[in-house]
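Per-entry structural report
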Amino acid sequence: MEKFAEQTLQEFEGWEEFFNKPVDEKVQNFVRHNRIYDIIYAQQFDRSFLDYLCSLADSIRLLAKTKVGQSKLRHLLPHKRAMLYFVQPSTRTFLSFQNACHILGLTTSEIRGTSTSSEVKGESPEDTIRTFASYVDLIISRHPEAGFAEKTAWVLNQTEHPVPVLNGGSGPDQHPTQALLDIYTLEREFRTIGGLDGKKIAMVGDLKRGRTVRSLSYLMKNYQDVEVVYVAPEVFKMKDDIKEFLSKHDIPFKETEDFESIMPEVDAIYMTRIQNEYGSDPTSEAETYPQFHLKTSHLSMIQTHCAILHPLPRRYEIDIRIDKDPRAAYWRQERCGMWIRAALISYIFGVDGEIMNELS
Ligand code: CP
């Protein structure tokens with residue numbers, strides 16, 4: 001596709017000042033009428049919100065088991081329209097959000113690359129997002145740039161016609177709705193053993209450039225007596241800002257390159273792939289770091305209740321023969337994404353009470 005002009009750069013008065021504030025001070029900007037309005041950072045979620053959303057997702061999936069229930073769900077938001085602006089590749093986040101919208105009756109539009117939008121003519125991303133707000137009631141974005149969702153939500157909130165923005169992944173920075181589905185999966189996997197409180201979670205792989213492990217780490221502050229083990233090669237160690245966050249919130253964590261040594265002691269293993277797309281030459285990163293792969297020989301080393309998660313897509317990190325093991329939770333995890341995103345959208349539009357009442 002031909003590109004006609006370089007992207008227009010726009011300077012927004014007040015943005016730099018806002019951007020440089022601590023997240024704790026910024027979250028209020030994304031709240032309206034005492035409810036979260038834009039979903040930008042994982043730090044926006046507290047324990048009561050997380051518990052409520054998990055129970056809302058359970059109610060939606062229960063209702064969706066019957067034709068009558070599905071019809072009730074579809075009649076909740078048929079008057080609303082959502083825009084899926086996914087200009088970085090995605091399978092799960094895109095499809096789970098799209099299907100979550102359809103479960104609740106929303107209609108959807110999509111742009112899946114800047115080459116098919118007027119950005120090819122040089123339009124700025126901010127004007128592009130503002131244009132969506134002229135047509136739809138909700139914007140869900142996936143973008144290669146860190147902080148993209150934050151900036152566009154902030155810009156829209158200065159206009160006379162804002163709509164909620166949901167961050168479906170912004171560069172190597174944050175993936176807050178992935179963190180929601182990860183929490184929902186962990187709570188479900190540990191349902192018979194007291195939930196996520198008191199559990200030890202290993203996060204393995206490219207922790208430096210993996211936004212899912214960053215967002216999930218932020219959510220650990222909401223759970224009692226959790227411990228985190230970061231397992232990564234030296235080049236992909238978790239960044240200091242996350243480790244400082246855990247220390248500030250008294251969450252014990254340790255780091256190791258010896259994956260096998262910690263396998264027997266953890267309650268969940270959260271695998272991630274090497275994020276080649278953020279390298280200067282992605283195709284040159286041929287190393288797959290096999291010592292950070294989960295192999296069938298490891299299944300006898302992990303606990304009988306240990307949940308194996310992966311945000312997916314996977315490459316070689318998990319042997320496909322592990323898929324059959326009941327502890328392999330990653331396919332259940334991606335399905336959880338659709339239900340928790342449906343719960344989130346119902347909450348954003350304030351129809352969550354109707355869903356909960358249906359089952360009370
Ligand atoms: N987990 C995740 O974000 O997957 P996709 O990149 O396929 O959306």
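Quick note: structure is the one above.
For the structure given in this document, a descriptive report is provided here. (Residues numbered from 1 in each chain as written. Predicted model: local features only at pLDDT ≥ 70, side-chain atom pairs only at ≥ 80, totals over all residues. Heavy atoms only, no water.)

**What to know about the overall build of the chain**
A count of helical and extended segments in the chain gives 13 helices and 11 strands. Taken against the 2.2 N^0.38 rule, which gives 21 Å for 360 residues, the C-alpha radius of gyration of the chain at 20 Å falls within 12% of a compact globule. Referenced to the eigenvectors of the C-alpha coordinate spread, the extents of the chain come out at roughly 55 × 50 × 40 Å. The buried share among the 360 residues of the chain stands at 56%. For the chain, contacts bridging at least 24 residues in sequence account for 77% of all contacts bridging at least 6. Distance from the positive charge centre (43 side chains) to the negative charge centre (52 side chains) of the chain: 7 Å. (Helix = DSSP H or I, 4+ residues; strand = E, 2+ residues; numbered from the N terminus. Rg over C-alpha atoms; globule rule 2.2 N^0.38 Å. Buried < 20%, exposed > 50% of the residue type's maximum accessible area, 1.4 Å probe, protein only. Contact = heavy atoms within 4.5 Å. Lys, Arg positive; Asp, Glu negative; His and termini not counted. Charge placed at Lys NZ, Arg CZ, Asp CG, Glu CD.)

**Brief notes about the state of the cysteines**
Evaluation of the coordinates by the stated rule reveals 0 disulfides. Between Cys-54, a cysteine without a disulfide, and Cys-336, which holds the nearest cysteine sulfur, the sulfur-to-sulfur distance is 8.8 Å. A disulfide-free cysteine, Cys-306 has its sulfur positioned 17 Å from the sulfur of Cys-336, the nearest such atom. (Disulfide = S-S within 2.5 Å.)

**With respect to the site of the ligand**
The full set of residues close to the ligand is Ser-90, Thr-91, Arg-92, Thr-93, Arg-142, His-175, Gln-178, Pro-311 and Leu-312. With respect to the ligand, the backbone of Arg-92 contributes an N or O atom lying 2.9 Å from an oxygen atom. The side chain of Gln-178 places a nitrogen or oxygen atom 3.0 Å from a nitrogen atom of the ligand. In the complex, the protein chains occlude 91% of the 260 Å² of accessible area that the ligand would expose alone. According to the grid-proximity analysis, the pocket containing the ligand is the second largest pocket. Among the residues forming the shell around the ligand, the class breakdown is 2 nonpolar, 5 polar and 2 charged. (Near = heavy atom within 4 Å. Polar contact = N/O pair within 3.5 Å; in protein donor to acceptor, adjacent residues only side chain to side chain. Areas by Shrake-Rupley, 256 points an atom, 1.4 Å probe, with all protein chains shown as cover. 1 Å grid on protein atoms, 1.4 Å probe; cavity = no way out; pocket = protein on both sides within 12 Å on 5 of 7 lines; lining within 4 Å. Sits in = over half its atoms within 2 Å of the grid points. Nonpolar A, V, L, I, M, F, W, Y, C, P; charged D, E, K, R; others polar.)

**Let's talk about the pairing of strand S8 (residues 227-231)**
Burial analysis of S8 places 4 of its 5 residues in the buried class, which makes it a mostly covered element. Where strand S7 (residues 200-204) meets S8, 5 bridges bridge the pair, whose relative direction is parallel. Considered in S8, the bridge of Ala-202 is made with Val-229. Pairing geometry for S8 and strand S9 (residues 253-256), over 4 bridges, is parallel. Bridge pairing in S9 places Val-229 opposite Lys-254. (Pairing = 2+ DSSP bridges.)

**Some points on the side chain of Ser-96**
For Ser-96, the position within the fold is in helix H5 (residues 92-103). A distance of 3.3 Å separates a polar side-chain atom of Ser-96 from the backbone oxygen of Thr-93. At a separation of 2.7 Å, a polar atom in the side chain of Ser-96 contacts the side chain of Arg-341.

**Let's talk about the packing of aromatic side chains**
Working definition: an aromatic ring pair is given by the centre-to-centre distance plus the angle between the planes. One pass over the structure, following the stated rule, counts 15 aromatic pairs. Site record: aromatic cluster; members linked through ring pairs are Trp-15, Phe-18, Phe-19, Phe-30, Tyr-41 and Trp-154. When the ring centre of Tyr-37 is taken as origin, the NZ or CZ atom of Arg-32, which lies over that ring, is 4.4 Å away. One cation-aromatic arrangement involves Lys-199 over Phe-190; the distance from NZ or CZ to the ring centre is 5.4 Å. (Phe/Tyr/Trp six-rings, centres within 6.5 Å; stacked < 30°, edge-to-face > 60°. Lys NZ or Arg CZ within 6 Å of the ring centre and 35° of its normal.)

**Considerations on the packing of helix H8 (residues 176-189) against helix H9 (residues 211-219)**
Where H8 contacts H9, the two axes come as close as 8 Å, and the packing angle between them is 60°. When the axes of H8 and H9 are compared, the pair comes out oblique. For the crossing formed where H8 meets H9, the hand is right-handed. Contacts from Pro-176, Gln-178, Ala-179, Leu-180, Asp-182 and Ile-183 of H8 reach H9 at Thr-212, Ser-215, Leu-216 and Leu-219. (Axes fitted to C-alpha atoms, helices over the stretch in contact; angles between N-to-C directions. Parallel < 35°, antiparallel > 145°, perpendicular 65-115°, else oblique. Left-handed = near helix turned anticlockwise from the far one by under 90°.)

**Notes on the sheet that holds strand S10 (residues 268-271)**
Spatially, 5 strands are ordered S9-S8-S7-S10-S11 in an open sheet, and the strand pairing comes out parallel. Each of the sheet's edge strands pairs with one partner strand only, and the pair in question is S9 and strand S11 (307-309). Each neighbouring strand pair of the sheet contributes to a mean axis angle of 15°, computed without reference to strand direction.

**Here's the deal with the sheet that holds strand S3 (residues 81-86)**
Paired through backbone hydrogen bonds, the strands of a sheet run either parallel or antiparallel to each other. Pairing in this open sheet of 4 strands is parallel, and the strands run S4-S3-S5-S6 from one edge to the other. Pairing within the sheet leaves two strands with one partner each, and these edge strands are strand S4 (107-111) and strand S6 (165-170). Across the sheet, the mean angle from the axis of one strand to that of its neighbour is 15°, orientation sign disregarded. Bridge analysis of strand S5 (residues 138-143) against S6 gives 4 bridges, and the strand direction is parallel. Among the inter-strand pairings, Ser-141 is bridged to a residue of S6, identified as Asn-167. The strands touched by H5 are S3, S4, S5 and S6; relative to S3, the strand with the most contacts, the crossing angle is about 175°. Its contacts with the sheet put helix H6 (residues 125-135) on S3, S4 and S5, and the angle it makes with S3 is roughly 160°.

**Brief notes about the layout of surface pockets**
The probe, sized like a water molecule, is rolled over the atoms to show the empty space still left. Of the pockets and cavities examined, the largest pocket occupies roughly 570 Å³. Secondary-structure elements contributing two or more residues to the lining of the largest pocket are helix H2 (23-26), helix H7 (148-157), S6, H9 and helix H10 (240-248). Per-class residue counts for the lining of the largest pocket are 11 nonpolar, 7 polar and 9 charged. For the lining of the second largest pocket, the secondary-structure elements that each account for two or more residues are H5, H8, H9 and helix H12 (330-348). By residue class, the composition of the lining of the second largest pocket is 6 nonpolar, 15 polar and 8 charged. (Points joined across faces, edges and corners; volume = space filled by probe spheres on them.)

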